[in-house]
Amino acid sequence: MKTKTFYIFLSFSLLGFSQKPLSELLKKHNNESVPYISVQELAIPKTNAILLDARELGEYEVSHLKDALHVGYNEFNLANTTKKLNNKDQMIVVYCSLGIRSEDIAEQLKKEGYTNVYNLFGGIFEWKNNDFKVYDNKNKPTENVHAFSEEWSQWLIKGNKIYD
C-alpha cells in the first residue's frame, strides 16, 4: 500500500513541475517596466480602475472582463485610446491573455504621461483560473475564454478554451 501511495504522490508532484511558474514566463517575456496588479487585488470592490483589453477583437468578443474597453494590440491606436481616458492620474489596468501584450500597451500609456497604470498579472487566464467572471460580446457571463493558441492555453486551467 505504501508503494501505491508513493507513486500516486510522485505522479501529482511531477504534474506540478510540468510547466514553469507563471512568474518565470512573465519574467522571460516582460521587462517589468509596469507594475503588476494581482487578480485578487483588482477583484476587490473598492478597486476603481479603467480596464483596457489589449487582445484582438475576436479574443475580446469571446471573453473579457466586465466593463473593459477593447484597445487591441496589433491595431492599437494610442490617440484613440487616450480620447477615452480623461484623467492621467486615474487607475488604469491593462490586461491580455497572460500579461505580455498588455505590458507593451501599458508602457505606451506611461510614456504618454499616465501615472497610475498597471499590468494584470496573469491576464484574463489568471482571472478565470481564480473563478472570477468573464463576459461575452453580449456582456453575459460565459465559461468560454479565448485561449489565444495551443501553446499559451496551457496556462488556462478553468473555463472552456476557445480558439479562432
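Since this is a predicted model, take the numbers as computed values, not measurements.

## Notes on the nonpolar core
Nonpolar side chains in soluble globular proteins tend to be buried together.
Right, so step 1: Counting 26 residues, the largest nonpolar core has Leu42, Leu65, Val93 and Leu120 as the members making the most contacts within it.
Right, so step 2: Going through the elements one at a time, helix H2 (22–29), helix H3 (39–43), strand S4 (92–95) and helix H7 (123–129) are the ones with two or more residues in this core.
Right, so step 3: Judged by nonpolar contacts, the second largest core, of 13 residues, contains Val34, Val94, Tyr114 and Val117.

## Regarding the pairing of strand S2 (residues 50–53)
Right, so step 1: In this sheet, S4 lies alongside S2 in parallel orientation, the contact comprising four bridges. Residue pairing across strands places Asp53 opposite Tyr95, the latter belonging to S4.
Right, so step 2: With two bridges joining them, S2 and strand S3 (residues 69–70) adopt parallel strand pairing. Bridge pairing in S3 places Leu52 opposite Leu69.
Right, so step 3: Chirality of the crossover, the property in question, places the unit of S2, helix H4 (residues 57–62) and S3 among those that are right-handed.

## A word on helix H6 (residues 101–111)
Right, so step 1: Along H6, the positions that sit buried rather than exposed are Arg101, Ser102, Glu103, Ile105, Ala106, Glu107 and Leu109.
Right, so step 2: Considering only its buried residues, H6 is in contact with S2, H4, helix H5 (78–83), S4 and strand S5 (117–120).
Right, so step 3: Two residues or fewer past H6, Gly113 is found with a positive phi of approximately 105°.

## Here's the deal with unusual backbone geometry
A negative phi angle characterises most non-glycine residues, just as the trans form characterises most peptide bonds.
Right, so step 1: One non-glycine residue, Asp131, adopts positive backbone phi at about 65°.
Right, so step 2: Among the structural elements, Asp131 can be located in the loop between H7 and strand S6 (134–135).
Right, so step 3: For Asp131, a relative accessible area of 56% corresponds to the exposed category.
Right, so step 4: The backbone of Asn139 shows a phi angle near 60°, a positive value even though the residue is not glycine.

## Some thoughts on the sheet that holds S4
The strands making up a sheet associate through backbone hydrogen bonding, with each pair oriented either parallel or antiparallel.
Right, so step 1: If you trace the five strands from one edge of the open sheet to the other, you get S1-S5-S4-S2-S3, paired in parallel fashion. At either end of the open sheet lies a strand with only one pairing partner, and these are strand S1 (36–37) and S3.
Right, so step 2: Seen against the sheet, H6 touches S2, S4 and S5 and runs at an angle of roughly 150° to S4.

## Structural notes on the environment of Ile92
Right, so step 1: As for its placement among the helices and strands, Ile92 is situated in strand S4.
Right, so step 2: Sequence spacing of Ile92 and Tyr118 is 26 residues, and the spatial spacing of their C-alpha atoms is 6.2 Å.
Right, so step 3: With residues up to four places along the chain from it excluded, the contact list for Ile92 reads Ile50, Leu52, Leu85, Leu109, Tyr114, Asn116, Val117 and Tyr118.

## Brief notes about the environment of Val145
Right, so step 1: Counting through the fold element by element, Val145 comes out in strand S8 (residues 144–146).
Right, so step 2: For the pair Val145 and Ser97, spaced 48 residues apart in sequence, the C-alpha to C-alpha distance is 9.3 Å.
Right, so step 3: If we skip the residues at most four places from it in the chain, Val145 touches Val62, Ser63, Ile124, Phe125, Lys128, Val134, Leu156, Asn160, Lys161 and Ile162.

Here is what the cut-offs are and how they apply
- Residues numbered from 1 in each chain as written.
- Predicted model: local features only at pLDDT ≥ 70, side-chain atom pairs only at ≥ 80, totals over all residues.
- Heavy atoms only, no water.
- Core = buried A, V, L, I, M, F, W, Y, C linked by side-chain atoms within 4.5 Å.
- Buried < 20%, exposed > 50% of the residue type's maximum accessible area, 1.4 Å probe, protein only.
- Helix = DSSP H or I, 4+ residues; strand = E, 2+ residues; numbered from the N terminus.
- Pairing = 2+ DSSP bridges.
- Right-handed = clockwise from strand over helix to strand, strands pointing away.
- Contact = heavy atoms within 4.5 Å.
- Axes fitted to C-alpha atoms, helices over the stretch in contact; angles between N-to-C directions.

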